[in-house]
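Structural features, examined
For reference, the chains in residue letters:
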Amino acid sequence: MRDIALLALRPVILTETTTAGQAESFQNQTLRPILKLQNDLLLRLFRHYLVKRKQLGADSRFGRMSQSEQHTYIDHAIRTDLKFRNLLIGTIVGQFTSAELAVFLSDESELSRRLGNMLTQRIQSQQALLLAIQE
């Protein structure tokens, strides 16, 4: 029942069919739709991360950075702050069906790496929204 409800929530993302491996198929069929579904939540979590670290607000250090510096900051935060990275990954993993969780756990290292890269790219591509979101 839970699995059916989760799948019904996801947006459909058209991707080219490839003969790629299981990791790429999982990325395209599972991770991309969940990332799109959870997009607003992910941006709010990153904005909260910035506020908590005093990068946004009255001083707004993040807002004064160049686009390139913001990209570097986002990448560094997701790669090195393991507690925050695990929160973001958990936000996605919590949307898996039972079968998807089994696939994820069977190749956790590779899929976590891919998911980390996708999270970074998604937030970087929308960095201007981080400044506009109201808490």
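Cut-off values and rules
Residues numbered from 1 in each chain as written. Predicted model: local features only at pLDDT ≥ 70, side-chain atom pairs only at ≥ 80, totals over all residues. Heavy atoms only, no water. Axes fitted to C-alpha atoms, helices over the stretch in contact; angles between N-to-C directions. Helix = DSSP H or I, 4+ residues; strand = E, 2+ residues; numbered from the N terminus. Left-handed = near helix turned anticlockwise from the far one by under 90°. Contact = heavy atoms within 4.5 Å. Nonpolar A, V, L, I, M, F, W, Y, C, P; charged D, E, K, R; others polar. Buried < 20%, exposed > 50% of the residue type's maximum accessible area, 1.4 Å probe, protein only. Expected span 1.5 Å × (residues − 1). Arc of directions from axis to C-beta.

1. Observations concerning the packing of helix 2 (residues 22-37) against helix 7 (residues 98-106)
Running from N to C, helix 2 and helix 7 cross one another at 140°; their axes reach a closest spacing of 11 Å. Both helix 2 and helix 7 take part in a crossing whose hand is left-handed. For the pair formed by helix 2 and helix 7, the contact residues are Q22, F26 and T30 on the first element and E100, V103 and F104 on the second. Split by residue class, the contact of helix 2 with helix 7 holds 3 nonpolar, 2 polar and 1 charged.

2. Concerning the environment of I89
Summarising the element assignment, I89 is placed in helix 6 (residues 82-93). According to the relative accessible area criterion, I89 is buried, its value standing at 10%. Separated by 26 residues in sequence, I89 and L115 place their C-alpha atoms 7.2 Å apart. Contacts of I89, omitting those with residues within four sequence positions, involve S112, L115 and L119.

3. Here's the deal with helix 5 (residues 67-80)
Here helix 5 is 14 residues long and its end C-alpha atoms lie 20 Å apart, about the 20 Å a rise of 1.5 Å per residue gives. Within helix 5, burial applies to Q70, Y73, I74, A77 and I78. Along the axis of helix 5, the buried residues cluster in a sector spanning 120°; they form a single face. Opposite the buried face of helix 5, at more than 90 degrees from it, the exposed residues are S68 and T72. Residues of helix 5 that are buried sit in contact with helix 3 (39-52), helix 4 (61-64), helix 6, helix 8 (108-124) and helix 9 (127-132).

4. Describing unusual backbone geometry
Positive phi values are uncommon outside glycine, yet K54 reaches one of about 60°. With respect to the helices and strands, the residue K54 is situated in the loop between helix 3 and helix 4. K54 gets classed as exposed once you look at its relative accessible area, which sits at 64%.

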